[in-house]
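Now for the letters of each chain:
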Amino acid sequence: MEAKQLQTLKQNNTLLCQFIVKLSAFYEGFSDKIDAELKILRGHLSGTPNFSLAAVSIEKLNKSLQHQEITLRKYSVDTVSSLEDAMKQLQKIVFEDNELKGLTTQELIKLNQPVTDIFSIYKLYAKAIALHRIALNKEMVGLSPVAAPDNDAKSDASGQARSVKDDNPHYRSILVELNHLIASYAQKKPDDQQLNDIKKRLDEGMDEDQLLKSCVVILRMIVQDAMSEASLTGKVIQSLHRSLGEVSNDVNSTIESSQSQFEQRRAGNEQLIRHISHIEEAVSESQSFERLKEQTQICVKELANTLSEQQDNDKEGQEKLLALLSAMQSRIDTLQQQTSIYKKKIAEQAMQSRTDALTRLPNRQAYNERLETAYSNYKANGGSLAVAVVDIDFFKSINDRFGHAAGDKTLQVVSKFLKQNLSDNEFIARWGGEEFVMLLPDMPMQDIDKKLNEIRTKLAAMPFKFKQEKVKITASFGATCFGEKDSTESVFERADEYLYKAKRDGRNLVVTDLSADL
């Protein structure tokens, strides 16, 4: 081997050894056993490398890593799942505080997004701790209050100083509303760069100035949408107004034409009367037959001319009237078409506002309206009414492993499957994320328990395949019936509790009033 090649090989070996040493130090803390062996490996590769001893260490590390049950990705998934459970528990505690409930909901949405690296979990932890701290300071039922620090400076659970904005109720309120608006507009405009930038900054944290600027951007979007809608509505109304004006003009023209024709006929009748009167005068005053004949012929001729002229006028008037009526009919048809299109658009907008864009199921607004009707019927007529909450198990891991497209497809397939397994008088809506809610009227709990277990079993048996890999999709269910003292809120909370129990007990379970033992 040439001296130059040998020198290059030594340099590359040195560079590789330095890289391995730095990389092993970077991941220190993963496992005590692996950390100890990595330390030995670093000793073999530092200074003058001893590749024989390094090879022995590498062989031991390979065996240790092969038998290592937990990976960083699995650790990330499990950690986020644990955070999600903690946030859901907090959401139940703060349900009476709309601001905190909104913040926890937004944090749950973030927890259902893919975690790109292990360090991003720190931000999720920090926000979860901040929300728990706020709840503690508010002395929420179910949480013990914490003592205020002696000094004026405020610090978080990690001892770091935090901004006054964390405790500013106006800041939190605006932040909650902005999160809701962003979530709403993101469905309508998924490719909008401004929205994506604001959403990213919200995830990273905003100061008051950034929050204000983001609010201005969203307000502009709202105004633009409103102006666009107003412009469309204005055009339709203007078109309707124009058509109505044209119809009104046609009606006026018809009335004027009818009046003119009436005047012509009246004048023609008067002229006929005069001709007949002349004939009578001629008959009474004529002294010879020839003279009477001559006068009569003249009068009859004038009478015939008048009748002919009146007939022509009548024909012309009828033609004008028919033309006007035809024009009116055409404009009325156009008016009806424009009105029908506008009514259809309004109906479509109303339907869209109550439909989830991804799954095409009714959304939360539609659920609230249906629940109000069902609850009123239940109170008035008796019978039974149950609420069931459904949550896809380990949904976040699908997003992490196969991407958002696979997650979206899973939601679409599962929502279609759930809807197909309900009868016409039963109702399902997408509550949010991977969670669905059902209304099951006039069905005893024994039948509900049996029905939900059948749905659960069928879902688990459905074939799912992502990137040539077969995946088993399961869901957890919680269901409860209305009692005499229940409100719509208390029933949903109880169903949600049952769902969490199903999650805690291993997932892919149905927990109802019959099986719950919280």
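What counts, and where the lines are drawn
- Residues numbered from 1 in each chain as written.
- Predicted model: local features only at pLDDT ≥ 70, side-chain atom pairs only at ≥ 80, totals over all residues.
- Heavy atoms only, no water.
- Helix = DSSP H or I, 4+ residues; strand = E, 2+ residues; numbered from the N terminus.
- Buried < 20%, exposed > 50% of the residue type's maximum accessible area, 1.4 Å probe, protein only.
- Contact = heavy atoms within 4.5 Å.
- Patch = residues over 30% accessible without salt bridge, like charges linked within 9 Å, V, L, I, M, F, W, Y side chains within 5 Å.
- Areas by Shrake-Rupley, 256 points an atom, 1.4 Å probe, with all protein chains shown as cover.
- Salt bridge = Lys/Arg side-chain N within 4 Å of Asp/Glu carboxyl O.
- Pairing = 2+ DSSP bridges.
- Axes fitted to C-alpha atoms, helices over the stretch in contact; angles between N-to-C directions.
- Phe/Tyr/Trp six-rings, centres within 6.5 Å; stacked < 30°, edge-to-face > 60°.
- Core = buried A, V, L, I, M, F, W, Y, C linked by side-chain atoms within 4.5 Å.
- Expected span 1.5 Å × (residues − 1).
- Arc of directions from axis to C-beta.
- Left-handed = near helix turned anticlockwise from the far one by under 90°.
- Nonpolar A, V, L, I, M, F, W, Y, C, P; charged D, E, K, R; others polar.

Draft legend 1. Looking closely at the overall build of the chain. Each helix and strand in the chain was counted, giving 15 helices and 7 strands. Within the chain, the proportion of its 518 residues that are buried is 36%. The contacts of the chain with a sequence gap of at least 6 include a subset with a gap of at least 24, amounting to 66%.

Draft legend 2. Representation of a nonpolar patch on the surface within the structure. Together, Leu16, Phe19 and Leu23 make up an exposed nonpolar region whose accessible area comes to about 290 Å². With respect to the helices, strands and loops of the structure, leucine 23 is situated in helix α1 (residues 3-26).

Draft legend 3. Geometry of unusual backbone geometry. Backbone geometry at aspartate 442 places phi at a positive 50°, although glycine is not the residue there. Counting through the fold element by element, aspartate 442 comes out in the loop between β3 (435-441) and α14 (445-461). In this structure aspartate 442 comes out as exposed when scored by relative accessible area, which is 57%. One non-glycine residue, asparagine 508, adopts positive backbone phi at about 55°. Along the chain, asparagine 508 turns up in the loop between α15 (488-504) and β7 (510-511).

Draft legend 4. Main features of the sheet that holds strand β2 (residues 427-432). The strand order across the open sheet formed by 5 strands is β2-β3-β1-β6-β7, and the pairing between neighbours is mixed. One side of each edge strand has no neighbouring strand; the edge strands of this open sheet are β2 and β7. Strand direction decides the pairing type here: β2 and β3, joined by 5 bridges, are antiparallel. The residue bridging isoleucine 428 from the neighbouring strand is methionine 438, located in β3. Against the sheet, helix α13 (residues 404-420) engages β1 (385-392), β2 and β3, with an angle of about 5° to β3. Contacts from α14 reach β1, β3, β6 (475-481) and β7, with the element oriented near 170° to β6.

Draft legend 5. Structural context of the packing of aromatic side chains. Counted according to the given criterion, the structure contains 7 aromatic pairs. For the pair tyrosine 367 and tryptophan 431, a centre-to-centre distance of 5.7 Å together with 90° between the ring planes defines the contact as edge-to-face. Remark: tryptophan 431 occurs in strand β2 and tyrosine 367 occurs in helix α11 (residues 364-381); sequence separation between them is 64 residues. Take tyrosine 367 and tryptophan 431: they sit in the same class, and that class is buried.

Draft legend 6. View of the pattern of salt bridges. Applying the stated rule across the entire model yields 9 salt bridges. The partner of glutamate 469 in a salt bridge is arginine 401, and the shortest N-O contact between them spans 2.3 Å. Placement of glutamate 469 in strand β5 (residues 469-471) and of arginine 401 in helix α12 (residues 395-402) is noted, with a sequence separation of 68 residues between them. The closest approach of N and O atoms between arginine 494 and aspartate 486, which form a salt bridge, is 2.7 Å. Given a relative accessible area of 24%, arginine 494 falls into the partly exposed group. Taking relative accessible area as the criterion, aspartate 486 reaches 15% and is therefore assigned buried.

Draft legend 7. Spatial organisation of the nonpolar core. In this structure, Val414, Leu418, Phe436, Met438, Ile448 and Leu452 are the most contacted members of the largest nonpolar core, which totals 33 residues. Only β1, α12, α13, β3, α14, β4 (464-466) and β6 provide two or more residues apiece to this core. Each residue touching isoleucine 448, except ones within four places of it in the same chain, is listed here: Ala386, Leu440, Met443, Ala479 and Cys481. Counting 18 residues, the second largest nonpolar core, distinct from the first, contains Ala374, Val387, Phe427 and Leu499.

Draft legend 8. Fine view of helix α2 (residues 32-45). Taking 1.5 Å as the rise per residue, α2 with 14 residues should run 20 Å; its terminal C-alpha atoms sit 20 Å apart, in good agreement. Among the residues making up α2, those that are buried are Ile34, Asp35, Glu37, Leu38, Leu41, Arg42, His44 and Leu45. Note on α2: the residue one or two positions beyond its end, glycine 47, has a positive phi of about 65°.

Draft legend 9. Looking closely at the pairing of β3. A large share of β3 lies buried, amounting to 7 of its 7 residues. Counted along the chain from β2 to the antiparallel partner β3, the turn is 2 residues long, and its residue glycine 433 has a positive phi close to 60°.

Draft legend 10. Spatial organisation of α13. Helix length check: α13, at 17 residues, gives a terminal C-alpha distance of 24 Å against a target of 24 Å (1.5 Å per residue), a fit within 8%. Among the residues of α13, those classed as buried are Ala406, Gly407, Thr410, Leu411, Val414, Ser415, Phe417 and Leu418. Each buried residue of α13 lies within a common arc of 165° when the element is viewed along its axis, so the set occupies one face. Facing away from the buried side of α13, by more than 90 degrees, are the exposed residues Ala405, Lys416 and Gln420. Close packing links the buried residues of α13 with β1, α12, β2, β3, α14 and β4.

Draft legend 11. Structural context of the packing of α13 against α14. One way to put it is that α13 packs onto α14 with a least axis distance of 11 Å and a crossing angle of 145°. Here α13 runs over α14; the crossing is right-handed. For the pair α13 and α14, the contacting residues are Val414, Phe417 and Leu418 in the first and Ile455, Lys458 and Leu459 in the second. Looking at the contact of α13 with α14 residue by residue, the class counts come to 5 nonpolar, no polar and 1 charged.

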